[in-house]
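# Residue-level structural notes
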Amino acid sequence: MSETTSTRRDFSKAPSCLKGVGVTRYFHTGKITTKAVDHVDFDFHEGELVSIVGESGSGKTTLSKMLLGLLKETDGQIYYQGKPRDISSRAKLKEYWSGIQAIFQDPFSSFNTFNKIDTVLLDCINMRGGKNLPKEKKNEMMTEACSFVNLKFAELTNKYPFELSGGQMQRLMIARIFLLKPKILLADEPTSMIDACSRATILDMLLQLRDEIGMTVIFITHDIGLAYYISDSIYIMEHGKFVESGGADEVILHPQAPYTKRLISDVPKIHEVWDLSTV
Amino acid sequence: MKNTIRQVFHSPKFVIGFVIFFGILLLSIIYPLVHPGDPLESVFIGSDRGSFTPPGTYFSLYDAASSFRTNLNPKSKTAADRATISISDEQRVRMITWLTAMEVSLDGVDTTDDAALLEIWKANYDESAKPKGMTKSERNACKRLNSDLNSSGKESPLKVASEDESVKIKDIDPMNYVPVNQVRSVIRLPLGTDNFGRDVLKELVSAIGTSLLIGLVAGVIATLIGLVFGLLSGYVGGLVDDIIMFITNIFTVIPSFILLILINYSIGQEARGAMVVAVVIGLTSWTWTTRSVRSQVISLRNRDHVNLSKLSGHSLFRIVMTDILPYIASYVVMAFILQISSAILSEAQLSLLGLGPSTTKTATLGLMMNWAMLYSAHLGGSWWAYFPVIGVIALISFSLNLMNTGLDQVFNPTLRD
Ligand SMILES: Nc1ncnc2c1ncn2[C@@H]1O[C@H](COP(=O)(O)OP(=O)(O)OP(=O)(O)O)[C@@H](O)[C@H]1O
Ligand SMILES: [Mg+2]
C-alpha cells in the first residue's frame, strides 16, 4: 500500500480535461428503454488517472463511447478542455479524435480481420507523422512498442489478427498507445485477458508512459482492487449512475455508498498489503 | 484471401456449379470460333418452306446431283437381287394366288424364295390371261403388281441438266451412289432448324452468349447500385438513409417485373436492343441488394474495428473501403451471382411476353423461346426448337444457384451440417 500511495497525486487543481454535466444515454429496443447512462456528472483533470468501476452492465462502455464521440448522448453536455465539446462536423470530429485514443473492451472485434497486424501499428506511426521514415526505423519502433507489452514483433509480423490469442490482441492494442502517445486514453478493461504476471508489468509501463507525457487515463474496470492500485480518483458506477466518486484513498478506505462497500467486501485482500502478483 | 478461394473450391456444390457454368460459357465462346458465320442466317430450305426441320444430316440436292464422279458400280448385282428386296408379303400372296388360279405347278418351288418366285412369275404371267374365279379388279391389281415388279429392276435414269448448255446432260441411275463426303454441301443439324431454316444449335450457342452478357450487364448494374446505395444508406445514415430507403421502398412495393414490363413497353419496339433490356433489368432489380447490404453495414458500423479506424483519423471513404467492404464482399459476390441468374430469367420471361429485345440480328434465349412459340413449335411437335433452350436456361440457373449455395456454406458456416 505504501508503494501505491506514494505515486498517487491530487489533480483537483489541474485544468479540466473532460467534464460532463447530466450526461445521459438511453437505448430503445422495441418498447423497452434501457437507461445505460443516467444523468452522470464528472470532471476529469489533465494528467489524472481516473478509474470508473462498476459491475457488468452498469454503463461503463456506453459512457466511454460517448466520451470518445462515437455515440451521441441522449441528454447532457460534455466539456472538453473547459469548453463545451463541439463535434458537429466531420472536420471538428477528426480534430477531436486526434488527441484521444482508446483501447476497446473486446479485442476480438477491435481488429480488421482482413489486415495484417503490421497495418495497425504502421497506421499509428503514420498518424504521428512518421510516414516517410525508412522501413528499418519503422520496424524498430514497432519492435520497441511490442516489447513494452511483452510481445515479440518478429513473431507477429505478417500475421492476421485471428491468428493471435485474446491476450496477445489486447497487448497489441496497448502497444498502439505506446506508438501514439495520446493526450487522453480511454482504456476499457484493457488487461482483462492478460495473465496476472504480464498485467502488472504492462500496467507499470503504461503508468510510466503517463508520467512521461502527462497523459490523462480513464481506466474502466470492474476490478476495484486494480482501480485502487493505479488510480488517482475513482468513480463508482451502478445502473448508469455514479454512486460515489473522489480520490482513490477516500473512496476505497472510507466508502459511503452501500454499493461501494459491497464491491470492496468482495475483494478479499483489500486491506492487506498489496502483492503485485494478485493484481 | 487465397485461403478463402481455396476453401471455396473445396465446396463440392460450388465446384459442380462452377464447372457447369464455365462449360456453358466456354461453349458459347469456342463454338462460334469452330463454326463461324452469322448464327441467324438461313442455312436450309427444306422441302417445304417455313417449317421446322428435325435434327439430322442433310445434303444439298444440287450438289448430290452434280457430284457423281465416282460410280460405286452397283451393276455387279443382278436385277433379281435387287428385286428380292421389293417383294412384300402382300405381293407374294397375290402372286401365288394368280399362279395357282392359272394352274401353274408350284411343286418343288420354294415360294418363300423371292428370286425363284419371281422367275416363275416372269415366265408365266400373261396380262391377257383370265384366270378362273378372279374378278376384274383382282386382275387389275395383278397387272399393277407385274408392272411394279418389272419397273423396280430398271427405272429409267433421271436426266439432270444445267441451264448452262455447255454442260452435258447427265443421267443419274437410281443405283448410283456416292460417299457422303463427296457431296460438297452436307449440313449437319444436331438440333434441326427453326421455321426460318436457321440452325438451332448455332442460334442457341449465340443466344447463350447474348443472354450471359445480358445477365452480366444487368447483374453488374444491379449489384453496383445496390452496393453503393446500401453502403451510403447503412454507413452514412440520417437523411441519406431516409431518402435511399424511401426510393428503395417504392421500388420494392411495385413488383419489379411489372415495372420491367411497363418500362420496356414505353421504350418502344425500335429502341429495345439486347443491351437496353439488360440495363433496364439492372435498373429495376437492385432493391434487395440495397436492403441486405444496408442491414449488414448497420451491424458492422458500430464494431470496434470501425471505431478504431475512426479514431485513427481515416476518411469515410477509406473506412468504407477497408473496414466495411471486405466484410460484406463475400455477400456481395453471392448477391451478384443471384442477380445474373435472375436477370437471365427476367429476359426470358420478358421475351416470352414479346417485350424482350426486339431484334432480328441477335438471338437471346428468351427470343428463341418467343420465336418457337410464335410459330407454334410446341403444337407441331418440333421439340428441338424449344426444349434445348429450356434446358440451357435451367442449366445456367441451376449452376449459378449451386455456386451460390456452395459459397453460402463456406461463408456462413452455421449452415454447415
Ligand atoms: N447498442 C446498444 N443497444 C441497446 N442496449 C445497449 C447497447 N449498448 C449497451 N446497451 C445496454 O446498456 C447497458 C450498459 O451497457 P454497457 O456495455 O455500457 O455496460 P458495461 O458497464 O460496459 O458492462 P461490462 O462490464 O459487461 O462491459 C446494458 O444494459 C446494455 O444492455
Ligand atoms: Mg463494457
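Residues numbered from 1 in each chain as written. Chains lettered and ligands numbered in written order. Predicted model: local features only at pLDDT ≥ 70, side-chain atom pairs only at ≥ 80, totals over all residues. Heavy atoms only, no water.

To continue, consider the overall build of chain A. Helix and strand counts for chain A stand at 12 helices and 10 strands. For 279 residues, the compact-globule estimate of 2.2 N^0.38 gives 19 Å, and the C-alpha radius of gyration of chain A, at 19 Å, lies within 12% of that figure. Summarising its shape, the C-alpha atoms of chain A cover approximately 55 × 50 × 40 Å along the three principal directions. Looking at chain A as a whole, 51% of its 279 residues qualify as buried. Across chain A, the fraction of contacts at a sequence separation of at least 24, relative to all contacts at a separation of at least 6, is 68%. Of the roughly 13000 Å² of accessible surface on chain A, 53% is carried by carbon and sulfur atoms. Here chain A contributes 33 positively and 35 negatively charged side chains, and the mean placements of these two sets differ by 7 Å. (Helix = DSSP H or I, 4+ residues; strand = E, 2+ residues; numbered from the N terminus. Rg over C-alpha atoms; globule rule 2.2 N^0.38 Å. Buried < 20%, exposed > 50% of the residue type's maximum accessible area, 1.4 Å probe, protein only. Contact = heavy atoms within 4.5 Å. Areas by Shrake-Rupley, 256 points an atom, 1.4 Å probe, with all protein chains shown as cover. Lys, Arg positive; Asp, Glu negative; His and termini not counted. Charge placed at Lys NZ, Arg CZ, Asp CG, Glu CD.)

Take the side chain of Lys310 of chain B next. By the element assignment, Lys310 of chain B lies in helix 13 (residues 304–311). Despite its burial, Lys310 of chain B pairs with no opposite charge; the closest candidate is Asp304 of chain B, at 9.5 Å N-O. (Salt bridge = Lys/Arg side-chain N within 4 Å of Asp/Glu carboxyl O.)

What follows deals with the pattern of salt bridges. This model, assessed by the stated rule, comprises 11 salt bridges over all chains. Between Arg318 of chain B and Asp123 of chain A there is a salt bridge, and its shortest N-O distance comes to 3.4 Å. Here Arg318 of chain B, found in helix 14 (residues 316–352), pairs with Asp123 of chain A, found in helix 5 (residues 117–127), and the two come from separate chains. Overall, the relative accessible area of 16% leaves Asp123 of chain A in the buried class. What you see here is one network of salt bridges that share partners, running through Arg210, Asp211 and Asp232 of chain A.

Here we come to the site of ligand 1. Residue and element names in this part refer to chain A. For ligand 1, the set of nearby residues contains 13 residues, the closest of which are Ser56, Lys60, Thr61, Thr62 and Gln105. A distance of 2.5 Å is found between an oxygen atom of ligand 1 and a side-chain nitrogen or oxygen belonging to Thr61. Here an oxygen atom of ligand 1 and a side-chain polar atom of Gln105 are 2.6 Å apart. Computed on the free molecule, ligand 1 has an accessible area of 630 Å², of which 63% lies beneath the protein chains in the complex. Elements represented by at least two residues in the shell around ligand 1 include exactly strand 2 (32–45) and helix 2 (60–68). Among the elements that take part in the shell around ligand 1, helix 2 stands out by supplying 3 residues, more than any other. (Near = heavy atom within 4 Å. Polar contact = N/O pair within 3.5 Å; in protein donor to acceptor, adjacent residues only side chain to side chain.)

All names here are of chain B. Counting across every chain of the model gives 1 cavity of 30 Å³ or more. Taken together, Phe52, Asp194, Val200, Glu203, Met368, Trp371, Ala372 and Ala385 make up the lining of the largest cavity. Counting only elements with at least two residues in the lining of the largest cavity, the list comes to helix 8 (200–236) and helix 15 (365–374). The dominant element in the lining of the largest cavity, judged by the number of residues it contributes, is helix 15, at 3 residues. Of the residues in the lining of the largest cavity, the class split is 6 nonpolar, no polar and 2 charged. (1 Å grid on protein atoms, 1.4 Å probe; cavity = no way out; pocket = protein on both sides within 12 Å on 5 of 7 lines; lining within 4 Å. Points joined across faces, edges and corners; volume = space filled by probe spheres on them. Nonpolar A, V, L, I, M, F, W, Y, C, P; charged D, E, K, R; others polar.)

With that settled, the discussion passes to helix 14 of chain B. Residues and elements named next belong to chain B. For helix 14, built from 37 residues, the straight-helix expectation of 54 Å at 1.5 Å per residue is missed by more than 12%, its first-to-last C-alpha distance being only 46 Å. In the structure, helix 14 departs most strongly from a straight axis at Leu325, where the bend amounts to approximately 60° and where the proline Pro326 lies between one and four residues downstream. Two residues or fewer after helix 14 comes Gly354, characterised by a positive phi angle close to 85°. (Expected span 1.5 Å × (residues − 1). Bend = angle between axes of the 7 residues up to and from the residue.)

All right, on to the pairing of strand 6 (residues 100–103) of chain A then. Residues and elements named next belong to chain A. What you see with strand 6 is no split at all: Ile100 and Ala102 on one side and Gln101 and Ile103 on the other are buried throughout. Here strand 6 pairs with strand 7 (residues 184–188) via 4 bridges, running parallel. Of the residues in strand 7, the one forming a bridge with Gln101 is Leu185. (Pairing = 2+ DSSP bridges.)

Residues and elements named next belong to chain B. The interhelical angle for the contact between helix 2 (residues 12–34) and helix 16 (residues 387–411), taken along N-to-C directions, is 150°, at an axis separation of 7 Å. Note that helix 2 runs across helix 16; the crossing there is left-handed. On the side of helix 2, the interface is formed by Lys13, Phe14, Ile16, Gly17, Phe18, Ile20, Phe21 and Ile24, while helix 16 contributes Leu395, Ile396, Phe398, Ser399, Leu400, Leu402, Met403, Thr405, Gly406, Leu407 and Gln409. (Axes fitted to C-alpha atoms, helices over the stretch in contact; angles between N-to-C directions. Left-handed = near helix turned anticlockwise from the far one by under 90°.)

Looking now at the coordination of the magnesium ion (ligand 2). The protein atoms donating to the magnesium ion (ligand 2) are Thr61 of chain A (OG1) and Gln105 of chain A (OE1), with metal-donor distances spanning 1.8 to 2.1 Å. With Thr61 of chain A in helix 2 and Gln105 of chain A in the loop between strand 6 and helix 4 (107–110), the pair connects residues that are 44 residues apart, well separated along the chain. (Donors = N, O, S within 2.8 Å, 3.2 Å for Na, K, Ca; no water.)

Right, let's talk about the domain arrangement of chain B for a bit. Taken as a whole, chain B is organised into domain 1 (2–40 + 196–415) and domain 2 (87–151). Here domain 1 of chain B and domain 2 of chain B have C-alpha centroids that lie 74 Å from each other. (Domains from an automatic or database assignment.)

Moving on to the nonpolar core. Leu18, Phe42, Phe44, Ile52, Leu63, Leu67 and Leu172 of chain A are the most contacted members of the largest nonpolar core, which totals 70 residues. By residue number, the principal contributor to this core is helix 8 (residues 166–180) of chain A, which donates 9 residues. Residue assignment places this core across two domains, with domain 1 (1–99 + 183–279) and domain 2 (113–181) of chain A each supplying three or more. Counting 39 residues, the second largest nonpolar core, distinct from the first, contains Leu40, Ile208, Tyr386 and Leu400 of chain B. (Core = buried A, V, L, I, M, F, W, Y, C linked by side-chain atoms within 4.5 Å.)

A few words on unusual backbone geometry. Notably, His239 of chain A is not glycine yet its phi reads approximately 50°, a positive angle. The topology assignment puts His239 of chain A in the loop between strand 9 (233–238) and strand 10 (241–247). A positive phi angle, near 55°, is found at Ser376 of chain B, a position not held by glycine. Structurally, the position occupied by Ser376 of chain B is in the loop between helix 15 and helix 16.

Taken residue by residue, the interface counts 22 residues in chain A and 16 residues in chain B. Together, the buried faces of chain A and chain B total about 1700 Å²; carbon and sulfur atoms form 55% of this surface. Scanning the region where chain A abuts chain B turns up 2 salt bridges. Elements with a minimum of two residues in the side of chain A that touches chain B: helix 2, helix 3 (90–97), strand 6, helix 4, helix 5 and helix 8 of chain A. By residue class, the composition of the side of chain A that touches chain B is 11 nonpolar, 5 polar and 6 charged. (Buried area = accessible area lost by both parts, 1.4 Å probe.)

The complete set of buried residues in helix 3 of chain A reads Leu93, Tyr96 and Trp97 of chain A. Axial view of helix 3 of chain A: buried residues confined to an arc of 95°, hence all on one face. Turned more than 90 degrees from where helix 3 of chain A packs its buried face, Ala91 and Glu95 of chain A sit exposed. Where helix 3 of chain A is buried, its residues meet strand 1 (16–29), helix 2, strand 4 (75–80) and strand 6 of chain A together with helix 13 of chain B. (Arc of directions from axis to C-beta.)

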